[in-house]
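Secondary and tertiary structure notes
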Amino acid sequence: MPTSASSTHRPEDLLSRLNSADADTKLKALREVKNQIIGNRTKKLSYIKLGAVPAVVSLLATTPDDRSSVLVQSAAALGSFACGLEAGVQAVLRAGAFPNLLRLLSNPDGKVVDAGARSLRMIYQSKLAPKYDLLQEKNMEFLVSLLNSENENVTGLGASIISHSCETSAEQKALCDAGVLKKLICLLQGSLSQRDASLESIATVIKSNPEVVSKLVGPENGIALSAITELTKDRYPRTRLLACMCLIVVRNTSPGCLQDIAIRTKLIMILLELLDDPGQVGDEASFALSSLIAEKEDLQKLAFEANAIDKLCNHLRKGSLQAKRCQGILLAVADLCSKLESCRSRFLALQVMNFVIGALTHDSAEVRAAACICLKSVSRSVKGNFMNETIVIPLVQLLSDTCTSVQVAALGAISNIVVDFTTRKSIFLQCGGVKQLVQLSKSMDPTIRLNSVWGLRNLMFLADNRFKEGIFSELTASLLSSLICDPEPSVQEQALGLVRNLVDGCINCVEYAFVEESIILQAVGKQLQSTLKAEVGIQGLYVLSNVATGNEFHKEAVMHQLFSHGGNDTQPVIINFLQSNDSRLRTAAVWTVLNLTFSGSIGAPDRFVKLRNAGIFSQIKNMVNDPCLDVKLRVRTVLGQTLSFGDGST
């Protein structure tokens, strides 16, 4: 009985035909495999599972150079497997296709070269693609040969390899020295494919390297910047986006470039317009906008005036956004709202907060993290109530997220929100937030540890006594003292800031420093003796300053910390802080002396004598005309309140 036509198209039958001894049968099978998988993710995965990729690679590897048709179809099939599918790229590379596709670039038949270059370009759309060491001479020569090719897919491949492989300033310089930047600039005048590949590659070569940017905008390449600027008006959305991204890299790397407000406004307007593109361009436009405005208040103001908040929020309202687009929009909103209250107020007025809260439970970890980052920025607003169950509960739940980046983002949002010093802080305690923060403060990951302690520090800020007691019972003195002595200076700083907030207030608050035989206070003293980081010293001194507002016992304990860690010939560490070039350290040190010598305190005269004999008051007298006004005022207060103890002479 003859075989039916449909059975010959089954994947299993096609694979068996790929291994046929008949050349025409192989060629037809290749074409059918290629045609079935183009644009069909399900079919690609099915064929990959059946082992089609190794079969195609084997065919490519064993086909002589003069069998152009088989070579072209094999390359095309492998390119189709790799196109837009990471599993496809992985399968193609694992099967050993890469060196066999490279071999095609030297084939005498232009069609074979083109097919090989196309397939390799598909691979280089993925992060899984092989990287070239651009500092090796043979690799640089190979790249230059690709860029000098007459075939636009080959030149595009060269540009794609550069975009994927160039990572260091040394590689950027090497590319420039080899004339690659000039060649890429020339390719801006080429086909659509060449323009787009060149724009992406130029952005990679100049990124964060002012020296290379100067070569791009210098007189020898004078037309480059104007050519890129002109491409922002191109009819093709992707070209416009890539041109904008290239100019953004120029601006971010060398702020002195592109100072014209008209150009900056135009960039913002183009990117906002590109948000409407339904495809990949629309997905990427918001990320480009974020890159342009991040940490730049002047550009955020321009974006606000261009109604960027309204346009971004309109996209959020549409709902059912693809994960990447949703992530990009949330991050763009976060950057817009990071500095300007006008942006935050407008965002809140548009009543789209529910969309952000909903994104906290999105299936995509990237979207969940972006929603947290957005909340972190928006919650800086003086308007709105962010300490409520609808926001706090999902944020606390994200502290247990399986993705570290989501945990870190959630901690950042929580740190901002809990600074709120109303009685509503109890919500955070009731929903288990404090327990979670304490648990995360024990993490082996220093970033998690840092951000959890930061959250606890902000939670403790201006908290009432009952709330402090609740937090401290979870934290314990031993954990706090270990965090003060953490290997990471940034964690030390936040832990000391936490203790500073804990002991700020009434006598009962100061007592926390003396729990468990004063291990917290001892840890503070130890860190002040050894720290090389100003921020750690500042927070440690303010802990002592706050403790010194207590009773005589508390003040004497502070004196003990200032004098007990060195030998008889060692000057108290506070003198080093008083002599610091950092005005913040000088201010904190003077505050400590001020509280120790408060004239209403019984033991103040004796402490004054000890401080004077140690040379501390001699140093303070030298600071009466300190360039920092805050230091100058505190110094004069200290000298004024100690007049009754003597003339302050040494």
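Residues numbered from 1 in each chain as written. Predicted model: local features only at pLDDT ≥ 70, side-chain atom pairs only at ≥ 80, totals over all residues. Heavy atoms only, no water.

**Observations regarding the overall build of the protein chain**
Secondary structure summary: the protein chain contains 41 helices and 0 strands in total. Taken over the C-alpha trace, the protein chain has a radius of gyration of 33 Å; the compact-globule value for 650 residues is 26 Å, which it surpasses by more than 25%. Counting all 650 residues of the protein chain, 54% fall into the buried class. Put simply, the protein chain shows about 28,500 Å² of open surface, and 52% of that area lies on carbon and sulfur atoms. Looking at charge distribution, the protein chain has the averaged site of its 67 positive side-chain charges lying 3 Å from that of its 62 negative ones. (Helix = DSSP H or I, 4+ residues; strand = E, 2+ residues; numbered from the N terminus. Rg over C-alpha atoms; globule rule 2.2 N^0.38 Å. Buried < 20%, exposed > 50% of the residue type's maximum accessible area, 1.4 Å probe, protein only. Areas by Shrake-Rupley, 256 points an atom, 1.4 Å probe, with all protein chains shown as cover. Lys, Arg positive; Asp, Glu negative; His and termini not counted. Charge placed at Lys NZ, Arg CZ, Asp CG, Glu CD.)

**Some points on the pattern of salt bridges**
Under the criterion given, the structure shown has 27 salt bridges. One salt bridge connects Asp177 with Lys215, and the closest N-O pair in it is separated by 3.8 Å. In this pair, Asp177 sits in helix α11 (residues 169–177) while Lys215 sits in helix α14 (residues 210–217), placing the two residues 38 residues apart along the sequence. For the salt bridge of Arg195 with Asp234, the shortest nitrogen-to-oxygen distance reads 3.3 Å. With Arg195 in helix α13 (residues 192–206) and Asp234 in the loop between α15 (222–231) and α16 (237–253), the pair connects residues that are 39 residues apart, well separated along the chain. The exposure classification of Arg195 matches that of Asp234, with both residues buried. If you follow the salt bridges from partner to partner, you end up with Lys173, Asp177 and Lys215 in one network. (Salt bridge = Lys/Arg side-chain N within 4 Å of Asp/Glu carboxyl O.)

**Remarks on the packing of α13 against α14**
The geometry of α13 relative to α14 is characterised by a closest axis approach of 8 Å and an angle of 135° between their N-to-C directions. Considering their axes alone, α13 and α14 lie oblique with respect to each other. Of α14, the residues touching α13 (which contributes Ile202, Val205 and Ile206) are Val212, Val213 and Leu216. A breakdown of the residues in the contact of α13 with α14 according to their chemical character gives 6 nonpolar, no polar and no charged. (Axes fitted to C-alpha atoms, helices over the stretch in contact; angles between N-to-C directions. Parallel < 35°, antiparallel > 145°, perpendicular 65-115°, else oblique. Contact = heavy atoms within 4.5 Å. Nonpolar A, V, L, I, M, F, W, Y, C, P; charged D, E, K, R; others polar.)

**Let's talk about the side chain of His164**
With respect to the element layout, His164 can be found in helix α10 (residues 152–165). Within the local environment of His164, its side chain forms a polar contact with the backbone oxygen of Ala129, the two atoms lying 2.6 Å apart. The residues touching His164, leaving out its near neighbours within four places in the chain, are Tyr124, Ser126, Lys127, Ala129, Pro130 and Lys131. (Polar contact = N/O pair within 3.5 Å; in protein donor to acceptor, adjacent residues only side chain to side chain.)

**Focus on the packing of aromatic side chains**
Evaluation of the coordinates by the stated rule reveals 5 aromatic pairs. Arranged with centres 4.7 Å apart and planes meeting at 50°, the rings of Phe472 and Tyr512 form a pair that is tilted. Pair noted here: Phe472 is in helix α30 (residues 465–475) and Tyr512 is in the loop between α33 (507–510) and α34 (515–530), with a separation of 40 residues, a long-range link. Side by side, Phe472 and Tyr512 carry an identical accessibility label, which is buried. Positioned above the aromatic ring of Tyr542, the side-chain terminus of Arg500 is 4.0 Å from the ring centre. Between Lys610 and the ring centre of Phe563, over which it is positioned, the NZ or CZ distance is 4.7 Å. (Phe/Tyr/Trp six-rings, centres within 6.5 Å; stacked < 30°, edge-to-face > 60°. Lys NZ or Arg CZ within 6 Å of the ring centre and 35° of its normal.)

**Thoughts on the packing of helix α28 (residues 433–440) against α30**
Orientation of α28 relative to α30, taken along the N-to-C sense of each, is 40°, at an axis distance of 9 Å. Considering the relative orientation of α28 and α30, their crossing is right-handed. Every residue of α30 that contacts α28 at Val434, Lys435 and Val438 is listed here: Ile471, Glu474 and Leu475. Residue composition of the contact of α28 with α30, grouped by class: 4 nonpolar, no polar and 2 charged. (Left-handed = near helix turned anticlockwise from the far one by under 90°.)

**A word on helix α9 (residues 137–147)**
For α9, the full list of buried residues reads Asn139, Met140, Leu143, Leu146 and Leu147. When α9 is viewed along its axis, its buried side chains cluster within an angular range of 120° and face the same direction. Within α9, the exposed residues directed more than 90 degrees away from the buried face are Glu137 and Lys138. (Arc of directions from axis to C-beta.)

**As for the side chain of Ser441**
Topologically, Ser441 is positioned in the loop between α28 and α29 (446–460). Those residues in contact with Ser441, other than ones at most four positions away along the chain, are Arg449, Ser452, Val453, Leu479 and Leu483.

**Here we look at the confidence of the model for the protein chain**
Predicted confidence across the protein chain gives a mean pLDDT of 91, with 96% of residues reaching 70 or more. A low-confidence stretch, residues 1–7 stays under pLDDT 50, and its non-local contacts, those more than four residues away or across chains, total 2 contacts. (pLDDT = per-residue confidence, 0-100.)

**Comments concerning helix α12 (residues 180–187)**
Looking only at α12, the buried set comprises Val180, Leu181, Leu184, Ile185 and Leu187. On an axial view of α12, the arc spanned by its buried residues comes to 160°, and they lie on one face.

**Re the state of the cysteines**
Each disulfide consists of a covalent bond between the sulfur atoms of two cysteine residues. Inspection of every chain in the model, using the stated rule, returns 0 disulfides. The closest cysteine sulfur to the non-disulfide-bonded Cys506 is located on Cys509, 3.8 Å from its own sulfur. (Disulfide = S-S within 2.5 Å.)

**A few points about the environment of Asn139**
With respect to the element layout, Asn139 can be found in helix α9. Of the residues examined, Asn139 reaches a relative accessible area of 11% and is grouped as buried. C-alpha of Asn139 to C-alpha of Thr402: the two residues are 263 residues apart in sequence and 40 Å apart in space. Sequence-distant contacts of Asn139, that is, excluding residues within four places in its chain, are made with Tyr132 and Asp133. Within the structure, the side chain of Asn139 is placed 2.9 Å from the backbone oxygen of Asp133, a separation counted as a polar contact.

**Some details on unusual backbone geometry**
Phi is positive for Ser208, close to 60°, though the residue is something other than glycine. Within the chain, Glu517 stands out as a residue other than glycine whose phi angle is a positive 60°. Tracing the sequence through the fold places Glu517 in helix α34. Owing to a relative accessible area of 69%, Glu517 belongs among the exposed residues under this scheme.

**Quick word on the environment of Val112**
Topologically, Val112 is positioned in helix α8 (residues 110–123). Along the sequence, Val112 and Ala75 sit 37 residues apart, while their C-alpha atoms lie 8.3 Å from each other.

**Quick notes on the environment of Glu284**
Inspection of the secondary structure assignment puts Glu284 in helix α18 (residues 280–293). Along the primary structure Glu284 and Val92 are separated by 192 residues, whereas in three dimensions their C-alpha atoms are 27 Å apart. The contacts of Glu284, once residues within four sequence positions are left out, are Arg238, Leu241 and Lys324.

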